[in-house]
Amino acid sequence: MSIKENLLKIKSALPENVILVAVSKTKPVTDLMVAFNAGQRVFGENKIQEMTEKWEQMPKDIQWHMIGHIQTNKVKFMAPYVSLIHGVDSLKLLEEINKQSLKNNRIIDCLLQIHIAEEETKFGLNEDELNNLLDSESFKVMNNIRIVGLMGMATFTDNQFQIQKEFEHLKSIFDTKKSLSIVNCQLSILSMGMSGDYQLAIECGSTMVRIGSSIFGGRSPLTPEGGIA
Ligand SMILES: *Cc1c(COP(=O)(O)O)cnc(C)c1O
């Protein structure tokens, strides 16, 4: 199937309240333009430099989502245009986003990444760290960021029960924090689910799925990915 067929098929099967992020990392602009011309406007990338190059070349009504792990010193390159940052997992990173956002006279929307997988390698906050961050005085005075939701990645496994347990765990954290009313923190987005597990994620309450290979085809294993943006 073509990129257009893949995209339209996935989109038509998504519930209305679920946003599709087309994960286009490692793919050429020509592939992204096929998805754009089929109506897709939300794209996800995991490296700031690659995302910025694509942003420069592509139509300006695209919403760019940073889904990878972020190096603090590169935040400035995406601050002028990024529409949602998924992988925020420290106060230090939030401080830098707030600073760069202010410089650009913007308010940047962010998701806090929660560690739900068994693997040590997956980034994210645990529940205590999440509570500490939300309670901290320095967070409360950040006027140029807005925490609009949570993001998580399940363990890479074939065990559906385990994946389901992890998604349900994240949904329960989301539900307990949803009622928080801090000016810069109002949770409405739950970003969970990728090509292999998005249907399960939606059953568990996801409102935003990040789908790459099922739209654009597989990525070369030789291409580095999932690393530092
Ligand atoms: C690459 C990536 C995805 C998309 O993965 P697919 O399996 O290709 O759908 C989703 N989320 C994150 C954080 C990623 O890095």
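What counts as what
Residues numbered from 1 in each chain as written. Predicted model: local features only at pLDDT ≥ 70, side-chain atom pairs only at ≥ 80, totals over all residues. Heavy atoms only, no water. Helix = DSSP H or I, 4+ residues; strand = E, 2+ residues; numbered from the N terminus. Near = heavy atom within 4 Å. Polar contact = N/O pair within 3.5 Å; in protein donor to acceptor, adjacent residues only side chain to side chain. Areas by Shrake-Rupley, 256 points an atom, 1.4 Å probe, with all protein chains shown as cover. Nonpolar A, V, L, I, M, F, W, Y, C, P; charged D, E, K, R; others polar. Axes fitted to C-alpha atoms, helices over the stretch in contact; angles between N-to-C directions. Parallel < 35°, antiparallel > 145°, perpendicular 65-115°, else oblique. Left-handed = near helix turned anticlockwise from the far one by under 90°. Contact = heavy atoms within 4.5 Å. Core = buried A, V, L, I, M, F, W, Y, C linked by side-chain atoms within 4.5 Å. Buried < 20%, exposed > 50% of the residue type's maximum accessible area, 1.4 Å probe, protein only.

Quick notes on unusual backbone geometry
For step 1, the next point in the chain: You will see that Thr 26, though not glycine, has its phi angle at about 70 degrees, which is positive.
For step 2, the next point in the chain: Relative to the assigned elements, Thr 26 resides in the loop between strand E1 (19-23) and helix H2 (29-37).

Observations regarding the environment of His 69
For step 1, the next point in the chain: Of note, His 69 is situated in the loop between strand E3 (63-66) and helix H4 (75-78).
For step 2, the next point in the chain: Separated by 18 residues in the primary sequence, His 69 and Gly 87 have C-alpha atoms spaced 5.8 Å apart.

Focus: the site of the ligand
For step 1, the next point in the chain: The ligand sits among Val 23, Lys 25, Ile 67, Met 151, Met 153, Met 194, Ser 195, Arg 210, Ile 211, Gly 212, Ser 213 and Arg 219.
For step 2, the next point in the chain: One nitrogen or oxygen atom from the main chain of Gly 212 is found 2.8 Å from an oxygen atom belonging to the ligand.
For step 3, the next point in the chain: In the model, an oxygen atom of the ligand is placed 2.8 Å from a nitrogen or oxygen of the Ser 213 main chain.
For step 4, the next point in the chain: With the chains in place, 91% of the 390 Å² that the ligand exposes on its own is no longer accessible.
For step 5, the next point in the chain: Tallied by class, the residues present in the shell around the ligand amount to six nonpolar, three polar and three charged.

Re the packing of helix H1 (residues 3-13) against H2
For step 1, the next point in the chain: The geometry of H1 relative to H2 is characterised by a closest axis approach of 9 Å and an angle of 45 degrees between their N-to-C directions. Here H1 is positioned oblique relative to H2, judged by the angle of their axes. In this structure, H1 meets H2 at a crossing whose hand is right-handed. Facing Ile 3, Lys 4 and Leu 7 of H1, the residues of H2 in contact are Asp 31, Val 34 and Ala 35.

Let's talk about the nonpolar core
For step 1, the next point in the chain: One finds Ile 85, Leu 94, Leu 112 and Phe 139 to be the most contacted residues of the largest nonpolar core, which totals 63 residues.
For step 2, the next point in the chain: Once residues lying within four places of it in the same chain are set aside, the contact partners of Ile 85 are Met 66, Ile 70, Met 78, Ile 97, Ile 108, Asp 109, Cys 110 and Leu 111.
For step 3, the next point in the chain: Formed by eight residues, the second largest nonpolar core is a distinct cluster that contains Val 21, Val 42, Val 148 and Met 151.

What is shown is where atoms sit, not what they do.
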